[in-house]
Amino acid sequence: MLLENWDRQVLADQEETFGRSKGSGAPLGRSDEFDELPLDEYHGTSGPVIPLTAHSHLASHQENQGARMLRRAYNFTDGTDDFGHLDAGLFFVSIVNSPEQRFIPIQSKLAKSDKMNEYVRYESSSIFACPPGTTGEDDWWGRTLFEATA
């Protein structure tokens, strides 16, 4: 994350970028972090409560045929680089059962229109297959990835 650029923005711009209140994490126009996004609500004639380019709007299940991700972000700070810029960012981890139906379409939408793109630089991406656990004594870990089912 380009934190120097982000930190120069006024609070209202930061909140519109995410579509959430910075203090509580609540969607704009709501009071609790876990409230549903009010995507169909408008500020009179000035536009939607959650801007169309807001990260939360573009990634929401309401805008992605119900697709959801179990996700978690981890902040990191590793001092400064040779130019005195903060070496910090975010590790984003998501778990989906179908990357081609859930992760890739949402990330593609974010890549095209997300206002947050002004403040982030993507360094890498990976997809890992995580098989389910075993079901019994005759089962082995990873079997569902390597054996065809009947």
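It should be emphasised that the depicted structure is a prediction, and the values quoted were computed from it without experimental measurement.

**Student:** Lay out the overall build of the chain in plain terms, naming residues and giving numbers.
**Tutor:** The helix and strand tally for the chain stands at 5 helices and 2 strands. The helix and strand sequence of the chain, counted from the amino end, reads α-α-α-β-β-α-α. In terms of overall size, the chain is more extended than a compact globule, its C-alpha atoms giving a radius of gyration of 19 Å where 150 residues would be expected to give roughly 15 Å. In terms of overall dimensions, the chain has C-alpha extents of about 60 × 45 × 25 Å along its principal axes. Within the chain, buried positions represent 25% of all 150 residues. For the chain, restricting intrachain contacts to residue pairs at least 6 apart in sequence, the fraction spanning at least 24 positions comes to 37%. For the chain, the accessible surface area stands at approximately 10900 Å², while carbon and sulfur atoms represent 52% of it. Counting 13 positive and 24 negative side-chain charges, the chain places the centres of these two groups 4 Å from one another.

**Student:** Account for the pairing of strand β1 (residues 70-80), naming residues and giving values.
**Tutor:** Little of β1 is tucked away, with 0 of its 11 residues classed as buried. Sheet topology places β1 next to strand β2 (residues 86-95); 9 bridges connect them, and they run antiparallel. Across the sheet, residue Arg72 finds its bridge partner in β2, namely Val93. Following β1, the chain reverses through 5 residues before pairing antiparallel with β2; Gly84 in that reversal takes a positive phi of roughly 85°.

**Student:** I'd like to hear about the side chain of Gln14, residue by residue, with values.
**Tutor:** Summarising the element assignment, Gln14 is placed in helix α2 (residues 11-18). Among the polar contacts listed, one links the side chain of Gln14 to the backbone oxygen of Trp6, at a separation of 2.8 Å. Not counting the four nearest positions on each side in its chain, Gln14 is found in contact with Trp6, Asp7, Gln9 and Lys22.

**Student:** How would you sum up α2? Please name residues and give values.
**Tutor:** Side chains three or four residues apart in an α-helix point the same way, a direct result of the helix having 3.6 residues per turn. Inspection of α2 places Gln14, Glu15 and Thr17 among the buried residues, and these make up the whole buried set. Take α2 and look down its axis: the buried residues cluster within an arc of 155°, on one side only. Note on α2: the residue one or two positions beyond its end, Gly19, has a positive phi of about 80°.

**Student:** Account for a nonpolar patch on the surface, with residues named and values stated.
**Tutor:** On the surface, a cluster of nonpolar side chains totalling about 300 Å² of accessible area is made up of Tyr74, Phe91 and Val93. Within the secondary structure, Phe91 is located in strand β2. On the basis of relative accessibility, which here comes to 51%, the residue Phe91 falls in the exposed class.

**Student:** Go over the pattern of salt bridges with me, naming the residues and quoting the values.
**Tutor:** Summed over all chains, the structure comprises 3 salt bridges. Put simply, Glu41 and Arg30 hold a salt bridge, and the shortest N to O gap is 2.5 Å. Here Arg30 lies in the loop between α2 and α3 (55-59) and Glu41 lies in the loop between α2 and α3, a separation of 11 residues in the sequence. Residue class for Glu41 comes out partly exposed when judged on its relative accessible area of 30%.

What counts, and at which threshold
- All residue numbers refer to position in the chain's written sequence, counted from 1.
- Under the rules for a predicted model, residues below a pLDDT of 70 receive no local features and side-chain atom pairs below 80 are neither given nor counted, while totals for whole chains, interfaces and linings still include all residues.
- Note that water and hydrogens are dropped before the side-chain values are worked out from all heavy atoms of the structure.
- Strands here are runs of E lasting at least two residues and helices are runs of H or I lasting at least four, both read from the DSSP assignment and numbered beginning at the N terminus.
- Throughout, radius of gyration means the C-alpha value; the globule benchmark is 2.2 Å times the number of residues raised to the power 0.38.
- Exposure classes here rest on a 1.4 Å probe applied to the protein chains alone. A residue is buried below 20% of its type maximum, exposed above 50%, and partly exposed in between.
- Contacts: residue pairs with any heavy atoms within 4.5 Å of one another.
- Under the convention used here, a 1.4 Å probe and the Shrake-Rupley method define accessible areas, while residue burial counts only the protein chains that appear.
- When charges are counted, Lys and Arg contribute as positive and Asp and Glu as negative, whereas His and the chain ends are disregarded.
- Where a charge sits is defined by one atom per residue type, namely NZ (Lys), CZ (Arg), CG (Asp) or CD (Glu).
- Two strands form a pair only when DSSP identifies at least two bridges running between them.
- Counted as a polar contact is a pair of N or O atoms within 3.5 Å, where, for protein atoms, one must be capable of donating a hydrogen and the other of accepting one, and residues adjacent in sequence contribute only when both atoms are in side chains.
- The arc in question is formed by the directions pointing from the helix axis toward the C-beta atoms.
- Think of a patch as exposed residues, more than 30% relative accessible area, with no salt bridge, where like charges cluster within 9 Å and nonpolar side chains (Val, Leu, Ile, Met, Phe, Trp, Tyr) cluster within 5 Å.
- Each reported salt bridge corresponds to a side-chain nitrogen of Lys or Arg within 4 Å of a carboxyl oxygen of Asp or Glu.

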